[in-house]
Amino acid sequence: MNIVYTDNNATTKVAPEVLEEMMPYFSELYGNPSSMHSFGGNVGGKIQEARERVARLINANPSEIVFTSCGTESDNAAIMAALELNPAKKHIITSAVEHPAIKNLCSYLEKKGYHITFVPVDREGHLNTELIYDIIEKKADDIAVISLMWANNETGVIFPVEEVARKAAEKGILFHTDAVQAVGKIPIDVKAADIAMLSLSGHKIHAPKGIGALYVRQGIKFPPFLKGGHQEKGRRAGTENTASIIGLGKASELAKVHLNEMDTRIRGLRDYLEVELLAKIPASSVNGDKKNRLPNTLSIGFDAVEGESILLLMDQSGICASSGSACTSGSLDPSHVLMAMKVPFESAHGTIRFSLSTYNTKEEMSYIIKAMPPIIKRLRDISPFWKK
Amino acid sequence: MWEYNDKVKDHFLNPRNAGEMKDADAVGETGSLSCGDALKLFLKINKSGRIVDASFMTFGCASAVASSSALTEIVKGMTLDDAEKLTNDDIADYLGGLPKEKMHCSVMGQDALRKAIRSYKGIEILAKPGNTICECFGVTDLEIIETVKQNNLKSAEDVTFYVKAGGGCGKCVQQIEKIVESILAQA
């Protein structure tokens, strides 16, 4: 059976060009970039090229890119650095719909005595920016950091991070964004928005798992999260994951090239999938603002059926996606994102997230459009909540 | 991912006795939309108090569907007295075991069956006895105590896996821990 992979917000395939560029650095070019000999130094040069490529994708300077092990490490490093730089400030502002990398870190910090504001969102997933501006206006001196995701992993809804970042910068407040889902899907310009720190992850943009980066604006005296050697100019200790860094560099270069295709062809495929599923499956609805959304993401709820069951039947047809439901994750409530948006239980439990990449085709969308209606019907036929 | 054995998969992909029974003699319902799973059990009962047919409608994950399917297969042919003694373990055993996190699906089967039988016997089902501990899923202290004892549970996490209590907002987890600890202390 062919696999139709529409779970690219979870992870992506490593692009063949990326793998090809990485391969020598697993074997013959194994030098340590920190070594004095040119055998190692040459690897260092290749890492510098990767740093330039990542920087270009988000309009940063190469020296502002710190390589990490993943998006989660980037997020943790950013928040902990902000707290260390502002030891007297005890207030963190974030949103109610962050990825666990920020959400659970903030909950942990809350237990340690920090005051966290989890800014709510409305039914469409829009951030209540008024609340943030109100707090900034009144208590700017106590805010250590504002951390907001650029785009939501479940719904694709895009936050006005540029606007909030500028207001934060005006007040001298550090602003961090978890841009793991946004990078490579929409244009990002850290300079234009005056962003202090930005997290990105390799495996969401066709680089391998286990590599991420943190953009740290020039001038910030960034204290390292991992302490040890002098690597990354003292901002992240540990021998460089050379092959993966080089892979992330290549993937960033490709992502920049593919931004236009994301915005046009992939958006078109997503819209085709969305329109057809809504038309062919009664009592289905899209979660989140349809306009202000990543071009590759569709979060769609089917009333009166449950996500895990849907996914497992989709699996029988070779279709990979995610659910907004609980049963798959071990927790029992529907996703905190859908709950924060007050999506009714009826559709929240039956929510499926399709997330596309530039590898997807129209034929694949047609296949999904054909496969889904009987799956939903089959589960509704045995659901006590389905009113025919 | 699939953490289910072949029998659970089979009962999910090919559920036995699925669908509404129009002329049921007894109906038992448990769960709700907000909980994420619900089961409506239909029984056909003959004059001598034997279950001659059973069917179900289920909203929920694969193991909820499989547990419901298994339940209907188990109870067909049983006397009401025997069926009343059926436990969630019997359902899980019939399926060759369920992942621990999914044991609440078998508990749902036991609950729906008891409700169906009690309503058939004319036993009024009063509001749940005991004090509500878990607001998210409406679970009382007496239910938690019964489940802990019946299944030899050792932690609050186990309780969540069996009756969901504590699996929502998490506010009651400490209370559940205390209940489990006091039962373990008595044992």
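Definitions and limits used
Residues numbered from 1 in each chain as written. Chains lettered and ligands numbered in written order. Predicted model: local features only at pLDDT ≥ 70, side-chain atom pairs only at ≥ 80, totals over all residues. Heavy atoms only, no water. Domains from an automatic or database assignment. Contact = heavy atoms within 4.5 Å. Buried area = accessible area lost by both parts, 1.4 Å probe. Salt bridge = Lys/Arg side-chain N within 4 Å of Asp/Glu carboxyl O. Polar contact = N/O pair within 3.5 Å; in protein donor to acceptor, adjacent residues only side chain to side chain. Helix = DSSP H or I, 4+ residues; strand = E, 2+ residues; numbered from the N terminus. Buried < 20%, exposed > 50% of the residue type's maximum accessible area, 1.4 Å probe, protein only. Nonpolar A, V, L, I, M, F, W, Y, C, P; charged D, E, K, R; others polar.

*Asks:* Hey, could you go over the domain arrangement of chain B for me, with residue numbers and the actual values?
*Replies:* Residues and elements named next belong to chain B. The domain boundaries assigned to chain B delineate domain 1 (6–121) and domain 2 (132–186). Computed over C-alpha atoms only, the centres of domain 1 and domain 2 are separated by 23 Å. With 14 residues of domain 1 at the interface, the matching set in domain 2 holds nine residues. Interface area for domain 1 against domain 2, summed over the two sides, is near 960 Å², with a carbon-plus-sulfur share of 51%. Among the residues of domain 1 in contact with domain 2, Cys35, Lys100 and His104 are the three that bury the most area, contributing 45% of the side total. A salt bridge links Asp37 to Lys164; its shortest N-O distance comes to 2.7 Å. Across the domain 1-domain 2 interface, the total number found is seven residue pairs in polar contact (both at pLDDT 80 or more). For the side of domain 1 that touches domain 2, the elements supplying multiple residues, two or more each, are α4 (88–94) and α5 (103–121). With five residues, the top contributor of residues to the side of domain 1 that touches domain 2 is α5.

*Asks:* Talk me through the interface of chain B and chain A; I want residue IDs and the actual numbers.
*Replies:* Facing 29 residues of chain B, the contacting portion of chain A comprises 22 residues. Each partner contributes to the roughly 2,200 Å² buried at the junction of chain B and chain A, and carbon and sulfur atoms together form 67% of this total. Residues A:Glu308 and B:Lys102 are paired through a salt bridge, measuring 2.7 Å at the closest nitrogen-oxygen approach. Here chain B and chain A share 11 residue pairs in polar contact (both at pLDDT 80 or more) between them.

*Asks:* Which residues make up the environment of A:Asn2, and what values do they have?
*Replies:* All names here are of chain A. Counting through the fold element by element, Asn2 comes out in the segment before β1 (4–5). What makes Asn2 exposed here is its relative accessible area of 67%. Each C-alpha atom of the pair Asn2 and Ser317 lies 8.6 Å from the other, and the pair is 315 residues apart in sequence. When residues no more than four places from it in sequence are discounted, the contact partners of Asn2 are Ser317 and Gly318.

*Asks:* Report on the domain arrangement of chain A, specifying residues and quantitative values.
*Replies:* All names here are of chain A. Looking at chain A, the domain boundaries give domain 1 (4–11 + 258–381) and domain 2 (16–254). Relative placement of domain 1 and domain 2: their C-alpha centres are 28 Å apart. Facing 31 residues of domain 1, the contacting portion of domain 2 comprises 31 residues. Of all residues in domain 1, the largest losses of buried area upon contact with domain 2 belong to Leu259, Leu294 and His336, amounting jointly to 23% of the total for that side. The tally of links from domain 1 across to domain 2 stands at 15 residue pairs in polar contact (both at pLDDT 80 or more). Listing elements by their share of the side of domain 1 that touches domain 2, those giving two or more residues are α9 (242–280), β10 (297–302) and α11 (336–340). Looking at the side of domain 1 that touches domain 2 residue by residue, the class counts come to 12 nonpolar, 15 polar and four charged.

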